[in-house]
Amino acid sequence: MTVAPTNKVHSMDTATLVLATMRRRGIAGLPRNYELVYEALNASNPTLTRQFEALGRNPSQEELDVLGKKVLPHHHRAAVVEGAHDRISGELDGMLRLLKQEQSSMESYSKLLGEAYNRISSKSMASAEILNNVISVLTNATGDNMEKGKVVVEHMVERAREMEQVKLELDEYKRIANTDPLTRLANRRAFDEVLANIYNEQRDAMYYALIVADIDHFKKFNDTYGHPVGDRVLGVVAAVMKSTLRKDVFISRTGGEEFAVILQGTSLEITLEIAERLRKAVESTPLRNQKTGVNYGPITLSLGICMATDADSAEELYNKADVALYTAKHSGRNRSQLYKPELNQEFEKNWAIYKT
(Lines give C-alpha, C1' and ligand atoms only; values in the text may rest on other atoms or scores of the structure.)
Protein backbone atom coordinates (compact mmCIF):
# COMPACT_ATOMS: atom_id res chain seq x y z
CA MET A 1 0.00 0.00 0.00
CA THR A 2 1.24 3.51 -0.80
CA VAL A 3 0.55 6.12 1.87
CA ALA A 4 -1.74 8.83 0.57
CA PRO A 5 -0.18 12.28 0.15
CA THR A 6 -1.46 15.21 2.16
CA ASN A 7 -3.82 16.60 -0.50
CA LYS A 8 -5.53 13.21 -0.90
CA VAL A 9 -6.21 12.98 2.83
CA HIS A 10 -7.99 16.32 2.73
CA SER A 11 -9.81 15.68 -0.58
CA MET A 12 -11.87 12.79 0.76
CA ASP A 13 -13.50 11.88 4.05
CA THR A 14 -10.58 11.52 6.46
CA ALA A 15 -12.37 9.18 8.84
CA THR A 16 -13.30 6.85 5.98
CA LEU A 17 -9.74 6.73 4.70
CA VAL A 18 -8.27 6.07 8.15
CA LEU A 19 -10.81 3.38 9.01
CA ALA A 20 -10.36 1.69 5.63
CA THR A 21 -6.59 1.60 6.16
CA MET A 22 -7.01 0.17 9.65
CA ARG A 23 -9.35 -2.57 8.39
CA ARG A 24 -7.03 -3.40 5.50
CA ARG A 25 -4.04 -3.72 7.82
CA GLY A 26 -5.85 -5.49 10.63
CA ILE A 27 -5.30 -2.68 13.13
CA ALA A 28 -7.52 -2.66 16.22
CA GLY A 29 -9.95 0.24 16.53
CA LEU A 30 -8.28 1.90 19.53
CA PRO A 31 -8.25 5.71 19.82
CA ARG A 32 -4.44 5.82 19.91
CA ASN A 33 -4.28 3.62 16.78
CA TYR A 34 -6.71 5.91 14.96
CA GLU A 35 -4.58 8.99 15.63
CA LEU A 36 -1.37 7.16 14.71
CA VAL A 37 -2.82 6.07 11.35
CA TYR A 38 -4.21 9.54 10.72
CA GLU A 39 -0.83 11.18 11.36
CA ALA A 40 0.88 8.64 9.09
CA LEU A 41 -1.59 9.21 6.24
CA ASN A 42 -1.47 12.97 6.70
CA ALA A 43 2.22 12.85 5.67
CA SER A 44 3.12 15.91 7.74
CA ASN A 45 5.83 13.82 9.38
CA PRO A 46 7.71 11.91 6.64
CA THR A 47 9.68 9.88 9.19
CA LEU A 48 6.46 8.63 10.77
CA THR A 49 5.02 7.86 7.35
CA ARG A 50 8.05 5.75 6.42
CA GLN A 51 8.12 3.92 9.74
CA PHE A 52 4.41 3.19 9.60
CA GLU A 53 4.74 1.89 6.04
CA ALA A 54 7.60 -0.36 7.15
CA LEU A 55 5.29 -2.16 9.61
CA GLY A 56 3.52 -3.78 6.63
CA ARG A 57 0.22 -5.62 6.90
CA ASN A 58 -1.17 -6.87 10.22
CA PRO A 59 1.27 -5.07 12.55
CA SER A 60 1.07 -6.16 16.17
CA GLN A 61 -0.26 -3.83 18.83
CA GLU A 62 3.15 -3.86 20.44
CA GLU A 63 4.75 -2.62 17.20
CA LEU A 64 2.12 0.11 16.88
CA ASP A 65 2.65 1.20 20.48
CA VAL A 66 6.43 1.33 20.08
CA LEU A 67 5.96 3.68 17.12
CA GLY A 68 3.21 5.57 18.94
CA LYS A 69 5.42 6.22 21.94
CA LYS A 70 7.90 8.01 19.68
CA VAL A 71 5.42 10.37 18.03
CA LEU A 72 2.33 10.38 20.26
CA PRO A 73 3.71 9.97 23.80
CA HIS A 74 0.61 11.54 25.39
CA HIS A 75 -1.39 8.39 24.59
CA HIS A 76 0.95 6.29 26.74
CA ARG A 77 1.20 8.73 29.61
CA ALA A 78 -1.36 6.99 31.81
CA ALA A 79 0.40 3.63 31.64
CA VAL A 80 3.76 5.17 32.50
CA VAL A 81 2.40 7.14 35.43
CA GLU A 82 0.32 4.23 36.73
CA GLY A 83 3.34 1.92 36.59
CA ALA A 84 5.46 4.44 38.47
CA HIS A 85 2.68 4.92 41.01
CA ASP A 86 2.51 1.17 41.63
CA ARG A 87 6.27 0.95 42.11
CA ILE A 88 6.34 3.88 44.52
CA SER A 89 3.39 2.44 46.44
CA GLY A 90 5.20 -0.88 46.71
CA GLU A 91 8.37 0.77 47.99
CA LEU A 92 6.44 2.83 50.53
CA ASP A 93 4.61 -0.26 51.75
CA GLY A 94 7.94 -2.00 52.18
CA MET A 95 9.37 0.93 54.12
CA LEU A 96 6.29 1.02 56.34
CA ARG A 97 6.69 -2.68 57.14
CA LEU A 98 10.34 -2.15 58.03
CA LEU A 99 9.45 0.72 60.33
CA LYS A 100 6.80 -1.37 62.04
CA GLN A 101 9.34 -4.17 62.50
CA GLU A 102 11.80 -1.67 63.93
CA GLN A 103 9.11 -0.34 66.27
CA SER A 104 8.31 -3.88 67.40
CA SER A 105 12.01 -4.57 67.94
CA MET A 106 12.43 -1.41 70.02
CA GLU A 107 9.35 -2.27 72.06
CA SER A 108 10.85 -5.70 72.81
CA TYR A 109 14.16 -4.10 73.75
CA SER A 110 12.36 -1.66 76.04
CA LYS A 111 10.57 -4.59 77.63
CA LEU A 112 13.93 -6.32 78.29
CA LEU A 113 15.28 -3.18 79.91
CA GLY A 114 12.26 -3.12 82.17
CA GLU A 115 12.80 -6.71 83.16
CA ALA A 116 16.49 -5.99 83.82
CA TYR A 117 15.52 -3.14 86.12
CA ASN A 118 13.11 -5.39 88.02
CA ARG A 119 15.83 -7.98 88.50
CA ILE A 120 18.29 -5.37 89.74
CA SER A 121 15.64 -4.18 92.20
CA SER A 122 14.97 -7.69 93.44
CA LYS A 123 16.23 -8.38 96.96
CA SER A 124 15.97 -12.16 96.66
CA MET A 125 19.00 -12.54 94.32
CA ALA A 126 22.70 -12.20 95.11
CA SER A 127 24.43 -9.13 93.67
CA ALA A 128 26.84 -11.14 91.50
CA GLU A 129 24.02 -13.29 90.17
CA ILE A 130 21.95 -10.21 89.39
CA LEU A 131 24.77 -8.47 87.54
CA ASN A 132 25.78 -11.54 85.54
CA ASN A 133 22.16 -12.19 84.58
CA VAL A 134 21.49 -8.58 83.58
CA ILE A 135 24.75 -8.20 81.65
CA SER A 136 24.03 -11.39 79.70
CA VAL A 137 20.48 -10.34 78.86
CA LEU A 138 21.39 -6.80 77.84
CA THR A 139 24.43 -7.88 75.83
CA ASN A 140 22.39 -10.31 73.76
CA ALA A 141 19.48 -7.94 73.41
CA THR A 142 21.69 -5.00 72.42
CA GLY A 143 23.60 -7.08 69.89
CA ASP A 144 20.43 -8.44 68.33
CA ASN A 145 18.84 -4.99 68.24
CA MET A 146 21.88 -3.38 66.59
CA GLU A 147 22.03 -6.13 63.97
CA LYS A 148 18.33 -5.77 63.21
CA GLY A 149 18.71 -2.02 63.06
CA LYS A 150 21.56 -2.36 60.58
CA VAL A 151 19.43 -4.59 58.36
CA VAL A 152 16.54 -2.12 58.56
CA VAL A 153 18.78 0.77 57.56
CA GLU A 154 20.17 -1.19 54.61
CA HIS A 155 16.68 -2.03 53.41
CA MET A 156 15.55 1.57 53.83
CA VAL A 157 18.52 2.84 51.82
CA GLU A 158 17.79 0.29 49.06
CA ARG A 159 14.16 1.35 48.87
CA ALA A 160 15.17 5.01 48.78
CA ARG A 161 17.40 4.22 45.80
CA GLU A 162 14.52 2.45 44.06
CA MET A 163 12.25 5.45 44.60
CA GLU A 164 14.94 7.79 43.26
CA GLN A 165 15.19 5.61 40.14
CA VAL A 166 11.42 5.84 39.65
CA LYS A 167 11.65 9.62 39.96
CA LEU A 168 14.41 9.74 37.34
CA GLU A 169 12.31 7.61 34.99
CA LEU A 170 9.30 9.89 35.47
CA ASP A 171 11.47 12.97 34.85
CA GLU A 172 12.81 11.40 31.65
CA TYR A 173 9.29 10.51 30.54
CA LYS A 174 8.12 14.06 31.15
CA ARG A 175 11.06 15.38 29.14
CA ILE A 176 10.21 13.12 26.20
CA ALA A 177 6.47 13.82 26.44
CA ASN A 178 7.14 17.59 26.41
CA THR A 179 9.68 17.56 23.57
CA ASP A 180 9.02 18.06 19.87
CA PRO A 181 10.71 15.07 18.17
CA LEU A 182 11.74 16.99 15.04
CA THR A 183 13.31 20.15 16.49
CA ARG A 184 14.08 18.86 20.01
CA LEU A 185 12.47 22.02 21.38
CA ALA A 186 9.64 22.04 23.92
CA ASN A 187 6.30 21.13 22.34
CA ARG A 188 2.83 22.71 22.59
CA ARG A 189 1.97 20.78 25.76
CA ALA A 190 5.02 22.15 27.57
CA PHE A 191 4.35 25.63 26.18
CA ASP A 192 0.78 25.65 27.52
CA GLU A 193 2.03 24.66 31.00
CA VAL A 194 4.72 27.35 31.15
CA LEU A 195 2.40 30.03 29.73
CA ALA A 196 -0.29 29.23 32.31
CA ASN A 197 2.23 29.53 35.15
CA ILE A 198 2.87 33.19 34.28
CA TYR A 199 -0.43 34.20 35.85
CA ASN A 200 -0.25 31.95 38.92
CA GLU A 201 1.15 34.95 40.76
CA GLN A 202 -0.36 38.06 39.22
CA ARG A 203 2.45 40.33 40.43
CA ASP A 204 5.00 38.27 38.50
CA ALA A 205 3.29 38.93 35.15
CA MET A 206 5.05 42.29 34.79
CA TYR A 207 8.33 40.49 34.23
CA TYR A 208 7.19 38.30 31.30
CA ALA A 209 6.77 38.66 27.55
CA LEU A 210 5.62 36.34 24.78
CA ILE A 211 7.00 36.24 21.25
CA VAL A 212 5.28 34.06 18.66
CA ALA A 213 7.10 33.49 15.37
CA ASP A 214 5.95 31.99 12.09
CA ILE A 215 8.16 30.93 9.17
CA ASP A 216 7.22 32.96 6.10
CA HIS A 217 6.07 31.03 3.02
CA PHE A 218 6.81 27.70 4.69
CA LYS A 219 4.38 25.87 2.43
CA LYS A 220 6.48 26.97 -0.53
CA PHE A 221 9.50 25.09 0.82
CA ASN A 222 7.46 21.89 1.12
CA ASP A 223 5.70 22.24 -2.23
CA THR A 224 8.83 23.23 -4.18
CA TYR A 225 11.53 21.06 -2.60
CA GLY A 226 9.61 18.41 -0.64
CA HIS A 227 9.06 17.68 3.05
CA PRO A 228 12.71 16.77 3.80
CA VAL A 229 13.71 20.35 2.97
CA GLY A 230 10.73 21.62 4.99
CA ASP A 231 11.94 19.59 7.95
CA ARG A 232 15.41 21.02 7.50
CA VAL A 233 13.99 24.56 7.53
CA LEU A 234 12.32 23.80 10.87
CA GLY A 235 15.57 22.38 12.19
CA VAL A 236 17.58 25.42 11.08
CA VAL A 237 15.15 27.85 12.71
CA ALA A 238 15.19 25.85 15.94
CA ALA A 239 19.01 25.75 15.95
CA VAL A 240 19.28 29.51 15.32
CA MET A 241 16.82 30.22 18.12
CA LYS A 242 18.80 28.08 20.56
CA SER A 243 22.12 29.65 19.59
CA THR A 244 20.78 33.22 19.62
CA LEU A 245 18.89 33.14 22.91
CA ARG A 246 20.17 32.40 26.39
CA LYS A 247 19.97 28.81 27.59
CA ASP A 248 17.44 29.70 30.28
CA VAL A 249 14.97 31.18 27.77
CA PHE A 250 11.96 28.96 27.08
CA ILE A 251 11.64 28.14 23.35
CA SER A 252 9.01 25.85 21.85
CA ARG A 253 7.60 24.67 18.56
CA THR A 254 3.89 25.17 19.08
CA GLY A 255 2.76 23.50 15.86
CA GLY A 256 3.52 23.39 12.14
CA GLU A 257 5.86 26.24 11.30
CA GLU A 258 5.06 28.28 14.42
CA PHE A 259 7.40 28.82 17.36
CA ALA A 260 7.07 30.64 20.67
CA VAL A 261 9.53 32.28 23.04
CA ILE A 262 8.66 33.14 26.65
CA LEU A 263 10.94 35.76 28.21
CA GLN A 264 11.22 36.21 31.97
CA GLY A 265 12.70 39.20 33.79
CA THR A 266 12.45 41.40 30.72
CA SER A 267 11.33 44.88 29.72
CA LEU A 268 9.60 46.14 26.60
CA GLU A 269 12.83 47.53 25.16
CA ILE A 270 14.78 44.32 25.77
CA THR A 271 11.95 42.20 24.35
CA LEU A 272 11.82 44.22 21.12
CA GLU A 273 15.60 44.01 20.83
CA ILE A 274 15.56 40.22 21.29
CA ALA A 275 12.80 39.77 18.68
CA GLU A 276 14.74 41.77 16.10
CA ARG A 277 17.98 39.97 16.90
CA LEU A 278 16.18 36.66 16.40
CA ARG A 279 14.62 37.75 13.11
CA LYS A 280 17.93 38.98 11.69
CA ALA A 281 19.79 35.85 12.81
CA VAL A 282 17.34 33.59 10.95
CA GLU A 283 17.35 35.79 7.84
CA SER A 284 21.15 35.74 7.65
CA THR A 285 21.42 31.95 7.97
CA PRO A 286 21.93 30.29 4.55
CA LEU A 287 19.96 27.22 3.54
CA ARG A 288 21.92 25.24 0.97
CA ASN A 289 22.31 21.63 -0.05
CA GLN A 290 25.92 20.87 0.82
CA LYS A 291 26.15 18.10 -1.80
CA THR A 292 24.48 19.77 -4.78
CA GLY A 293 25.12 23.40 -3.88
CA VAL A 294 21.44 24.25 -4.42
CA ASN A 295 20.42 27.41 -2.59
CA TYR A 296 16.89 27.06 -1.26
CA GLY A 297 16.61 30.76 -0.60
CA PRO A 298 16.48 32.77 2.63
CA ILE A 299 14.37 31.82 5.63
CA THR A 300 12.46 34.69 7.19
CA LEU A 301 10.25 35.02 10.23
CA SER A 302 7.27 37.15 11.12
CA LEU A 303 6.99 37.79 14.84
CA GLY A 304 4.21 38.92 17.14
CA ILE A 305 5.03 40.33 20.58
CA CYS A 306 2.88 40.90 23.64
CA MET A 307 3.92 41.90 27.14
CA ALA A 308 2.24 39.86 29.89
CA THR A 309 1.03 43.07 31.56
CA ASP A 310 -1.17 43.73 28.51
CA ALA A 311 -3.23 40.58 29.15
CA ASP A 312 -5.15 39.14 32.10
CA SER A 313 -4.66 35.44 31.33
CA ALA A 314 -2.48 33.02 29.42
CA GLU A 315 -5.13 32.62 26.71
CA GLU A 316 -5.48 36.37 26.26
CA LEU A 317 -1.69 36.79 26.13
CA TYR A 318 -1.40 34.20 23.37
CA ASN A 319 -4.33 35.62 21.39
CA LYS A 320 -2.91 39.14 21.49
CA ALA A 321 0.54 37.96 20.44
CA ASP A 322 -1.21 36.07 17.62
CA VAL A 323 -2.98 39.26 16.49
CA ALA A 324 0.40 40.99 16.38
CA LEU A 325 1.86 38.07 14.41
CA TYR A 326 -0.79 38.17 11.70
CA THR A 327 -0.45 41.94 11.51
CA ALA A 328 3.26 41.44 10.83
CA LYS A 329 2.43 38.95 8.08
CA HIS A 330 -0.20 41.22 6.52
CA SER A 331 2.24 44.13 6.61
CA GLY A 332 4.75 42.36 4.38
CA ARG A 333 6.27 39.57 6.49
CA ASN A 334 9.87 39.35 7.75
CA ARG A 335 9.20 41.81 10.54
CA SER A 336 8.23 41.96 14.20
CA GLN A 337 5.10 43.63 15.51
CA LEU A 338 4.26 44.67 19.08
CA TYR A 339 0.65 44.17 20.15
CA LYS A 340 -1.42 47.36 20.43
CA PRO A 341 -5.16 47.55 21.19
CA GLU A 342 -5.89 49.26 17.86
CA LEU A 343 -4.68 46.13 16.02
CA ASN A 344 -7.81 44.21 17.11
CA GLN A 345 -10.20 46.09 14.87
CA GLU A 346 -7.93 45.81 11.85
CA PHE A 347 -7.37 42.11 12.55
CA GLU A 348 -11.08 41.31 12.75
CA LYS A 349 -11.81 43.28 9.59
CA ASN A 350 -9.13 41.51 7.59
CA TRP A 351 -9.39 38.04 9.16
CA ALA A 352 -9.87 36.33 5.79
CA ILE A 353 -6.80 38.08 4.39
CA TYR A 354 -4.63 37.22 7.38
CA LYS A 355 -5.43 33.52 7.12
CA THR A 356 -4.36 33.25 3.46
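Here the structure is a predicted model, which is why all the values come from computation and not from measurement.

Colleague: Is there a simple way to explain unusual backbone geometry in this structure?
Modeller: In terms of backbone geometry, most residues other than glycine have negative phi values and most peptide bonds are trans. Positioned with a positive phi, N58 is a non-glycine residue whose angle comes to about 50 degrees. As for its placement among the helices and strands, N58 is situated in the loop between α4 (46-54) and α5 (61-71). If you check the backbone angles, H217 has positive phi at about 55 degrees while not being a glycine. One can find H217 in the loop between β1 (208-215) and α9 (218-225). Residue classification places H217 among the partly exposed positions, given a relative accessible area of 47%.

Colleague: Any chance you could explain the sheet that holds strand β4 (residues 301-307) here in plain terms?
Modeller: The strands that make up a sheet pair up through hydrogen bonds in the backbone, lying either parallel or antiparallel. If you trace the five strands from one edge of the open sheet to the other, you get β2-β3-β1-β4-β5, paired in mixed fashion. Since the sheet does not close on itself, it has two edges, and those belong to β2 (250-255) and β5 (336-338), each with one partner. For this sheet the average axis-to-axis angle between neighbouring strands, irrespective of direction, equals 20 degrees. Of the strands in this sheet, β1, β3 (258-264), β4 and β5 are in contact with helix α11 (residues 268-283), which crosses β4 at around 170 degrees.

Colleague: What is the right way to read the nonpolar core from this model?
Modeller: Within soluble globular proteins, side chains that are nonpolar generally end up buried alongside one another. Judged by nonpolar contacts, the single largest core of 34 residues is most densely connected at I215 and I299. Where this core is concerned, the elements lending two or more residues are β1, α9, α10 (227-244), β3, α11 and β4. Among residues more than four places away in sequence, those in contact with I215 are V233, L234, V237, E257, F259, I299, T300, L301 and K329. Grouped together as the second largest cluster of nonpolar side chains are 27 residues, A205, Y208, A260 and A324 included.

Colleague: Sorry if this is basic, but what is going on with the pairing of β2 here?
Modeller: Along any regular strand the residues' side chains alternate between the sheet's two faces. Judged by how many residues are buried, β2 sits mostly within the fold: five of six residues are covered. Here β2 folds back onto β3 in antiparallel fashion, the turn holding two residues, of which G256 has a positive phi close to 55 degrees.

Colleague: What's the story with the packing of aromatic side chains in this structure? I'm lost.
Modeller: For any pair of aromatic rings, geometry is given as the distance between the ring centres together with the angle between the planes. For the structure on display, the rule yields two aromatic pairs. On the numbers, 4.6 Å between centres and 70 degrees between planes, the contact of Y225 with Y296 is edge-to-face. One end of the pair, Y225, is in helix α9; the other, Y296, is in the loop between α11 and β4, with 71 residues separating them in the sequence. Judged by its relative accessible area of 35%, Y225 is partly exposed. Taking relative accessible area as the criterion, Y296 reaches 13% and is therefore assigned buried.

Colleague: Explain the layout of surface pockets to me, please; I cannot follow it from the model alone.
Modeller: Vacant regions in the atomic arrangement are exposed by a probe of water-molecule size rolled over the atoms. Of the volumes computed, that of the second largest pocket is approximately 240 Å³. As for the second largest pocket, its lining consists of 15 residues, and the residues nearest its centre are Y208, D248, I262, L263 and Q264. Counting residues per element, the lining of the second largest pocket draws most heavily on β3, at three residues. For the lining of the second largest pocket, the class distribution of residues is nine nonpolar, four polar and two charged.

Cut-off values and rules
- Position numbers for residues start from 1 in each chain and track the written sequence from start to end.
- Residue-level local features of this predicted model are given only where pLDDT is at least 70; pairs of side-chain atoms are given and counted only at 80 or more, and the full residue set underlies all totals for whole chains, interfaces and linings.
- Values reported for side chains reflect all heavy atoms of the structure, with hydrogen atoms and water molecules removed beforehand.
- A run of H or I in DSSP becomes a helix once it reaches four residues, and a run of E becomes a strand once it reaches two; helices and strands are each numbered from the N terminus.
- Buried means the residue's accessible area, taken with a 1.4 Å probe over protein chains only, is under 20% of the maximum for its type, while exposed means over 50%, and partly exposed covers the values in between.
- Strand pairing is assigned whenever DSSP identifies at least 2 bridges connecting the two strands.
- As a rule, the C-alpha atoms of each element are fitted with a line to give its axis, helices using only the stretch in contact, and angles between N-to-C directions run from 0 to 180 degrees.
- Here, residues are in contact when the closest pair of their heavy atoms is within 4.5 Å.
- The criterion is simple. A nonpolar core is a set of buried Ala, Val, Leu, Ile, Met, Phe, Trp, Tyr and Cys residues joined through side-chain atoms within 4.5 Å.
- Aromatic pairs are defined between Phe, Tyr and Trp rings, using the six-membered ring for Trp, whenever the two ring centres lie within 6.5 Å; interplanar angles under 30 degrees are classed as stacked, those over 60 as edge-to-face, and all others as tilted.
- A cavity here means a set of points on a 1 Å grid, drawn over the protein atoms and nothing else, where a 1.4 Å probe fits but cannot get out; a pocket is an open set with protein on both sides within 12 Å along at least five of seven lines, and a residue lines either one if it has an atom within 4 Å of a point.
- Grid points are joined across faces, edges and corners, and a volume is the space filled by probe spheres set on the points.
- Here the term charged refers only to Asp, Glu, Lys and Arg, the term nonpolar to Ala, Val, Leu, Ile, Met, Phe, Trp, Tyr, Cys and Pro, and the term polar to all other amino acids, Gly among them.

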